[in-house]
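What follows is the residue order along each chain.
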Amino acid sequence: MRRGFFTVFLALCLLAGLATVAAAAAYTDVAGDVWYADAVTQVSADGLMNGTSATAFSPEAPVTRGMVVTVLWRLAGSPAPAADAPFPDVYAWHYYADAAAWCAQQGIAAGYGSGSFGGGDSVTREQLAVFLWRYAQYAKLELASGVLDHYPDRDSIHAWALDGMAHVVGTGLYTGNGDGALDPSGPASRAQLAIILHRLTTPAVG
């Protein structure tokens, strides 16, 4: 009887996992052959990113500050923050409230000079790089210092983002675009974030 129970339990777990992957692949705006399809499926199955609706992922939509702190908080296991977010524009009903509070406490996120957080503001590629660099320091991941001089737009990287950009290049989280540029001031898209998270959570082979 006990053996039968565990057989049924394992079968249900397997079916639940398959259902999660199937749901991740059900986004009508993510074709199976696009360059970010596998990453979207994986980060959805891992619970790191959700769709913008039940059937849409919105891969080309810009990443916001609220989204970034949320995925990094989830990556850390969704720990409870020690206190509320210190930002006057982050309210308890915001989906990223706990994430913003926790990331602020860990030194991963900081507010603007006004003290506000700006959770709905779009994030540039160099801003995202700094978030990832700070998260790596929190998680005690190996930090890297990639060579930025190989990229034609290296001089357009702001001084405050140089360490972050060097880290994401050195770890392979960022690669150049079709023109070989890093596009530091360009908006980071949800598809790009999915790819970065997929690379971050996929063990290197070899």
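Presented here is an overview of the structure given in this document. Each residue is numbered by its place in its chain's sequence as written, counting from 1. Per-residue local features of the predicted model are confined to residues with pLDDT of at least 70, and side-chain atom pairs are confined, for both listing and counting, to 80 or more; whole-chain, interface and lining totals are unaffected and use all residues. To get the side-chain values, all heavy atoms of the structure are used, and hydrogens and water are removed first.

Here we take up the layout of surface pockets. In the cavity and pocket records, a cavity denotes points on a 1 Å grid over the protein atoms alone where a 1.4 Å probe fits but cannot get out, a pocket denotes an open set with protein on both sides within 12 Å along at least 5 of 7 lines, and lining residues are residues with an atom within 4 Å of a point. Grid points are joined across faces, edges and corners, and a volume is the space filled by probe spheres set on the points. Reported here for the largest pocket is a volume of approximately 260 Å³. Lining the largest pocket are R65, A109, A110, G111, Y112, S122, Q127, V130, F131, R134 and W160. Of all the elements, helix 5 (residues 125-138) adds the most residues to the lining of the largest pocket, at 4 residues. Just so you know the grouping, Ala, Val, Leu, Ile, Met, Phe, Trp, Tyr, Cys and Pro go in nonpolar, Asp, Glu, Lys and Arg go in charged, and all remaining residues, Gly too, go in polar. Residues that form the lining of the largest pocket fall into these classes: 6 nonpolar, 3 polar and 2 charged. Approximately 210 Å³ is the volume found for the second largest pocket. Its residues assigned to classes, the lining of the second largest pocket comprises 6 nonpolar, 4 polar and 3 charged. Put simply, DSSP H or I for four residues or longer makes a helix, DSSP E for two residues or longer makes a strand, and each gets a number counted from the N terminus.

Among soluble globular proteins, nonpolar side chains are generally buried collectively. The criterion is simple. A nonpolar core is a set of buried Ala, Val, Leu, Ile, Met, Phe, Trp, Tyr and Cys residues joined through side-chain atoms within 4.5 Å. Here the term buried applies to any residue with accessible area under 20% of the maximum for its type, exposed to any over 50%, and partly exposed to those in between, with areas from a 1.4 Å probe on protein chains only. With 55 residues, the main nonpolar core has V69, L128, M165 and Y174 as its most contacted residues. Sorting the residues of this core by element identifies helix 2 (37-45), helix 3 (65-75), helix 4 (97-105), helix 5, helix 6 (162-170) and helix 7 (190-201) as the ones contributing at least two each. Residue contacts are counted whenever heavy atoms from the two residues lie within 4.5 Å of one another. Beyond its immediate chain neighbours, meaning those up to four positions away, L128 contacts V68, V123, Y174, A188, L193 and I196.

Moving on to the pattern of salt bridges. Salt bridge criterion: a side-chain nitrogen from Lys or Arg within 4 Å of a carboxyl oxygen from Asp or Glu. Counted by the stated rule, this structure contains 2 salt bridges. Note that D149 is salt-bridged to R154, the shortest N-O span being 3.3 Å. Classification of D149 as exposed rests on a relative accessible area of 60%. Here R154 and D155 are joined by a salt bridge, their closest N and O atoms 3.9 Å apart. Under the relative-accessibility criterion, D155 is labelled exposed at 72%. In this structure, a network of salt bridges that share partners links the residues D149, R154 and D155.

Along the chain, R125 turns up in helix 5. All tallies of charge rest on Lys and Arg as positive and Asp and Glu as negative; His and the ends of each chain are not included. It turns out R125 is buried and unbridged, and the closest side chain with the opposite charge, D183, is 4.9 Å from it. A distance of 3.5 Å separates a polar atom in the side chain of R125 from the backbone oxygen of D183. By the criterion applied in these results, polar contacts are pairs of N or O atoms within 3.5 Å in which, for protein atoms, one can donate a hydrogen and the other can accept it, and in which residues neighboring in sequence qualify only through two side-chain atoms.

A few words now on helix 2. All of the buried residues along helix 2 are A37, A39, V40, V43 and S44. The buried side chains of helix 2 occupy one side of the element, clustering within an arc of 165 degrees when seen end-on. One or two steps after helix 2, the chain reaches G47, where phi turns positive at roughly 80 degrees. Summarising the geometry, the arc corresponds to the directions from the helix axis toward the C-beta atoms.

With respect to the secondary-structure elements, P152 resides in the loop between helix 5 and helix 6. P152 sits in the exposed class, given a relative accessible area of 65%. Beyond its immediate sequence surroundings of up to four residues, P152 is in contact with D179, G180 and A181.

Attention shifts here to unusual backbone geometry. For S58, which is not glycine, the phi dihedral falls at a positive 55 degrees. Inspection of the secondary structure assignment puts S58 in the loop between helix 2 and helix 3. Residue K140 is not a glycine yet carries a positive backbone phi of 60 degrees. The exposure class of K140 is exposed, given its relative accessible area of 76%.

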